[in-house]
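# Summary of structural features
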Amino acid sequence: MSAVQTLSPSTSVVLQLPGGWFRNNAGWVSGRDGVLLVDTFATEERSRELLDAVAGATPDGGSLRAVLTHAHGDHAHGARQVVERGGEVLAAPSAGAVVAAGPHLYPGVFECSNWGDVTPPESTTPVVEPLRLDLGGIEAHVLPVPGTAHTDGDLVVWVPDDGVLFTGDLLFNGVCPLAFSGSVTGWAEALDWLAGFGAATLVPGHGQVSAAEEDLIGRVAEYLRWLLDVAAGPEELPSLAAQARDRYPGWLDAERHVVNLAVARSEVRGTPFDLVAAMGAALAEVGGPIRLDV
Ligand SMILES: [Zn+2]
């Protein structure tokens, strides 16, 4: 497993760098009475390693809860293991429904030989309003993201005493964001809400942890607004995707630009989003199914 990074006495993260397809971040908040895990990993094995590390940070007899920041498999595939270890899994209602209908492995899009058993849990606990969880000497707040952003069921976890905000996939750092399950417009608005926390430390869903002064929120917001701006014009999407590669040259998984542009165009024109066509355009850029290194 990737190394555990301690952000504060109560908050730790596990980063799967550099953070491309299905290589997400997870973390936990630990207090005297229990642990709150934020997200799991894509494969059975990596999630098991993560939960072993969490067990080492859990006080004797302490409770285990996990928050799924959203339903995507990289974040959610270990949820059943949380339940098997006696834990409770929290998710937005719509995310819980998507997870329950999984696992979603998209075999025509991704090639992966080591998912393992990623069967979803029997149920998740729906989060319909802000929760303040007292873990014993430290509070963690589980907060529904207003509207539709990265997905229609996003949660963030805020640790006010430490100034740490787990943003899930509302933020990507050094990795191209991915909007196919959500709304570019709503996501940009949600980032204004996210900035309001005044967090000192941001844990993105993918890529390195970021300090507030690095303005990761502003950089992702600028990208989303650029998508909406250019999608409102007449230019064809492949041409715009090529411009995006030049404009954001350091980002991994640049084949996502054409997908995001298709989402943005459907929003500004009020037309349906064609996921199959958009993913087909992305796969054409990379020459076939995406081989996962997870
Ligand atoms: Zn995601």
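For the structure, check the block above.
Described below are features of the structure shown in this document. Worth saying up front: this structure is predicted, and the values here are computed from it rather than measured.

### Regarding the sheet that holds strand 14 (residues 210-211)
Reading across from one edge, 9-10-11-12-13-14 is the order of the 6 strands in this open sheet, with mixed pairing throughout. Edge positions in the open sheet fall to strand 9 (131-134) and strand 14, since each of these has one partner strand only. In this sheet, strand 10 (residues 139-144) lies alongside strand 9 in antiparallel orientation, the contact comprising 4 bridges. Its bridge partner lying in strand 10, L133 is registered against A140. Where helix 6 (residues 216-231) meets the sheet, its contacts fall on strand 12 (164-172), strand 13 (201-206) and strand 14, and the angle it forms with strand 12 comes to roughly 20°.

### Quick look at the packing of aromatic side chains
What describes a pair of aromatic rings is the distance from one ring centre to the other and the angle between the planes of the rings. Applying the stated criterion to the full structure yields 11 aromatic pairs. Considering the side-chain rings of Y223 and W251, the 4.9 Å spacing of their centres and the 80° angle between planes classify their relative orientation as edge-to-face. Placement of Y223 in helix 6 and of W251 in the loop between helix 7 (237-247) and helix 8 (256-269) is noted, with a sequence separation of 28 residues between them. The residues Y223 and W251 share a single accessibility class, namely buried. Taken together through their ring pairs, the aromatic side chains of W21, F22, Y106, F110 and W115 make up a single cluster. The ring of W21 has R256 sitting right over it, with the charged end atom 3.9 Å from the ring centre.

### Quick word on the coordination of the zinc ion
With distances of 2.1 to 2.2 Å, the protein atoms coordinating the zinc ion are H70 (NE2), H72 (ND1), H150 (NE2) and D169 (OD). One can describe the donor arrangement at the zinc ion as irregular, given that its 4 donor atoms subtend angles of 89 to 171° at the metal. Each donor residue of the zinc ion lies on one chain, and together they are spaced H-x1-H-x77-H-x18-D. Of this pair, H70 sits in the loop between strand 5 (63-67) and helix 2 (73-76) while D169 sits in strand 12, and the two are 99 residues apart along the sequence. The same class applies to H70 and to D169, which are both buried.

### A word on the nonpolar core
The biggest cluster of nonpolar side chains holds 61 residues, and the ones touching the most others in it are W187, L191, L194, L224 and L292. Beyond its immediate stretch of four places on either side in the chain, L292 contacts W21, F22, F110, E111, C112 and W115. Grouped together as the second largest cluster of nonpolar side chains are 41 residues, V13, A95, A140 and V164 included.

### Digging into the sheet that holds strand 6 (residues 88-91)
Strand order in the open sheet made by the 7 strands is 1-2-3-4-5-6-8, with mixed pairing throughout. A single partner strand is all that each edge strand has here, and the edge strands are strand 1 (4-8) and strand 8 (125-126). Sheet topology places strand 1 next to strand 2 (residues 11-14); 4 bridges connect them, and they run antiparallel. By the bridge assignment, T6 is partnered in strand 2 with S12.

### Let's talk about the packing of helix 6 against helix 8
When two helices pack together, their arrangement is given by the angle between the helix axes and the distance between those axes. For the pair helix 6 and helix 8, the least separation of the axes is 8 Å and the interaxial angle reads 60°. Classified by the angle between their axes, helix 6 and helix 8 sit oblique to one another. You can see that helix 6 and helix 8 cross each other, and the crossing is right-handed. Contact with helix 6, carried on its side by Y223, W226, L227, L228, V230 and A231, involves H257, N260, L261, A264, R265, E267, V268 and R269 of helix 8 and no other residues of that element. Residues of the contact of helix 6 with helix 8, tallied by class, amount to 9 nonpolar, 2 polar and 3 charged.

### Remarks on the environment of R245
The residue R245 is located in helix 7 in this model. The exposure class of R245 is partly exposed, given its relative accessible area of 37%. As a C-alpha pair, R245 and N260 span 15 residues in sequence and 13 Å in three-dimensional space. Among all residues touching R245, those that are not within four sequence positions of it are A254, E255, H257 and E285.

### Remarks on the pattern of salt bridges
Enumeration according to the criterion identifies 9 salt bridges in this entry. Across the salt bridge formed by R225 and D192, the nearest N and O atoms sit 3.5 Å from each other. In this pair, R225 is assigned in helix 6 and D192 in helix 5 (residues 184-195), connecting sequence segments 33 residues apart. One network of salt bridges, with partners in common, ties together R80, E84 and E122.

### A few points about empty space enclosed by the protein
All told, the structure shown has 1 cavity of 30 Å³ or more when counted by the stated rule. The space that makes up the largest cavity amounts to roughly 60 Å³. Lining of the largest cavity is provided by 13 residues; of these, N25, D39, F166, G168 and P204 occupy positions nearest its centre. Those elements that place two or more of their residues in the lining of the largest cavity are strand 3 (26-30), strand 12 and strand 13.

### Examining the layout of surface pockets
Taking a probe equal in size to a water molecule and rolling it over the atoms shows the remaining empty space. Roughly 530 Å³ of internal volume is contained in the largest pocket. Lining the largest pocket are 33 residues; nearest its centre among them are H72, G73, Y106, F180 and S181. Of all the secondary-structure elements, those providing two or more residues to the lining of the largest pocket are helix 2, helix 4 (93-100), strand 12 and helix 9 (275-286). The residue inventory of the lining of the largest pocket, partitioned by class, reads 18 nonpolar, 11 polar and 4 charged.

Definitions and limits used
Residues numbered from 1 in each chain as written. Predicted model: local features only at pLDDT ≥ 70, side-chain atom pairs only at ≥ 80, totals over all residues. Heavy atoms only, no water. Pairing = 2+ DSSP bridges. Helix = DSSP H or I, 4+ residues; strand = E, 2+ residues; numbered from the N terminus. Contact = heavy atoms within 4.5 Å. Axes fitted to C-alpha atoms, helices over the stretch in contact; angles between N-to-C directions. Phe/Tyr/Trp six-rings, centres within 6.5 Å; stacked < 30°, edge-to-face > 60°. Buried < 20%, exposed > 50% of the residue type's maximum accessible area, 1.4 Å probe, protein only. Lys NZ or Arg CZ within 6 Å of the ring centre and 35° of its normal. Donors = N, O, S within 2.8 Å, 3.2 Å for Na, K, Ca; no water. Tetrahedral: all angles 85-135°; square planar, octahedral: opposite > 155°, others 65-115°. Core = buried A, V, L, I, M, F, W, Y, C linked by side-chain atoms within 4.5 Å. Parallel < 35°, antiparallel > 145°, perpendicular 65-115°, else oblique. Left-handed = near helix turned anticlockwise from the far one by under 90°. Nonpolar A, V, L, I, M, F, W, Y, C, P; charged D, E, K, R; others polar. Salt bridge = Lys/Arg side-chain N within 4 Å of Asp/Glu carboxyl O. 1 Å grid on protein atoms, 1.4 Å probe; cavity = no way out; pocket = protein on both sides within 12 Å on 5 of 7 lines; lining within 4 Å. Points joined across faces, edges and corners; volume = space filled by probe spheres on them.

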